[in-house]
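Each chain, letter by letter, is given below.
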Amino acid sequence: ELNSLKKPKKLTLPLHLVGKYFYIKDSTFLLSTHVGLMRKIGKKYERLFGDRIYATIIDSKNKLWYTSLDGIFVIDNFTSGNLVSKKISFKETKNVFVNEYKEDANGNMIMASNIGLIIMDSNFNYTVLTDKNYLTSTDCKKVKIDPIDSSLWIVTSDGLNNVKYSFKNKKLNPVSFG
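Per chain, the residues get numbers from 1 upward, laid out in the order the sequence is written. Restriction of local features to residues with pLDDT of at least 70 applies here, the model being predicted, together with a cutoff of 80 or more for giving and counting side-chain atom pairs; totals for whole chains, interfaces and linings are based on all residues. In computing side-chain properties, one takes all heavy atoms of the structure into account and sets aside hydrogens as well as water.

### Section: the sheet that holds strand β12 (residues 126–129)
- Strand pairing follows a simple DSSP-based rule, namely that at least 2 bridges must link the two strands. Numbering goes from the N terminus for both helices and strands, where a helix is a DSSP run of H or I of at least four residues and a strand is a run of E of at least two. Taken together, four strands build an open sheet; the order of strands is β9-β10-β11-β12 and the sheet is antiparallel. Each end of this open sheet is capped by a strand with a single partner; those strands are β9 (98–103) and β12. Direction aside, the axes of adjacent strands within the sheet are offset by 20 degrees on average.
- Taken together, the four bridges between strand β11 (residues 116–120) and β12 define a ladder with antiparallel strand orientation. What sits directly across from Leu 117, in β12, is Leu 129. Fitting a line to C-alpha atoms yields each axis, with helices limited to the stretch in contact; the angle taken between N-to-C directions then spans 0 to 180 degrees.

### Considering the sheet that holds strand β7 (residues 71–75)
- In spatial order, the strands read β5-β6-β7-β8; together these four strands make up an open sheet with antiparallel pairing. In this open sheet, the two edge strands, each paired with only one partner strand, are β5 (56–58) and β8 (86–88). Neighbouring strand axes in the sheet, compared pairwise and without regard to direction, differ in orientation by 25 degrees on average.
- With three bridges connecting them, β7 and β8 associate as antiparallel partners. Within β8, the residue paired with Ile 72 across the bridge is Ile 88.

### Examining the pairing of β11
- Only protein chains enter the calculation, and the probe is 1.4 Å; a residue is then buried if its accessible area is under 20% of its type maximum, exposed if over 50%, and partly exposed in between. Counting buried residues along β11, five of its five residues qualify, which places the element largely inside the surrounding structure.
- Pairing between strand β10 (residues 109–113) and β11: five bridges, direction antiparallel. Paired with Met 109 across the strands is Met 120, a residue of β11.
- Linking two consecutive strands that pair antiparallel, namely β10 and β11, is a turn of two residues.
- Linking β11 back to β12 in an antiparallel pair, the connection comprises five residues, with Phe 124 at a positive phi of about 70 degrees.

### Topic: the pattern of salt bridges
- Counted as salt bridges are all cases of a side-chain nitrogen of Lys or Arg within 4 Å of a carboxyl oxygen of Asp or Glu. Summed over the entire model, instances satisfying the criterion amount to five salt bridges.
- Across the pair Lys 63 and Asp 76 runs a salt bridge whose closest N-O atoms are separated by 4.0 Å. A residue pair is termed long-range when its members are at least 10 positions apart, and Lys 63 in the loop between β5 and β6 (64–68) and Asp 76 in the loop between β7 and β8 qualify at 13 residues.
- Ionic pairing is found between Lys 144 and Glu 100, a salt bridge with its closest N-O pair at 3.5 Å. A residue pair is termed long-range when its members are at least 10 positions apart, and Lys 144 in strand β13 (residues 140–145) and Glu 100 in strand β9 qualify at 44 residues.
- Note on Lys 144: relative accessible area 43%, which makes it partly exposed.
- For Glu 100, a relative accessible area of 10% translates into the label buried.
- Salt bridges sharing partners connect three or more residues here, namely Glu 100, Lys 102 and Lys 144.

Here it is in structure tokens:
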């Protein structure tokens, strides 16, 4: 069991418990795990937030985004030591779960989620693509940004989708594959 109060000589995390890890600086690592968001500084582990952290990303503005059973959270200036998290609210539902985060070249956060593909700008304005507007399903599992044309490849529970999208003018140019 991970416990920051104990000082184990050796701590080995089973691979299936670590979702993602980030090297921050000065031998500091961040691990999203089955038992919470963990920070490793040198040889010491400390639990930062709750249980079951599923998806995480540190964006280009040093914001930490993470998903837990309680929703989606963001922390400004995380790499500077800030640990104050803000819960992101959605008008569609209270139960939003992100499977994967990506950041596009314009700093927009792209989220493959259970309510569809969420595209959010730095001011937290967002658009949700669903099965009602271009996707084969609202249950989005993965998202990749195409390096050639910056379109989005979205894997849903019902198929593969390719969407070209510009957040500035909210113009959608969809191409879907079921």
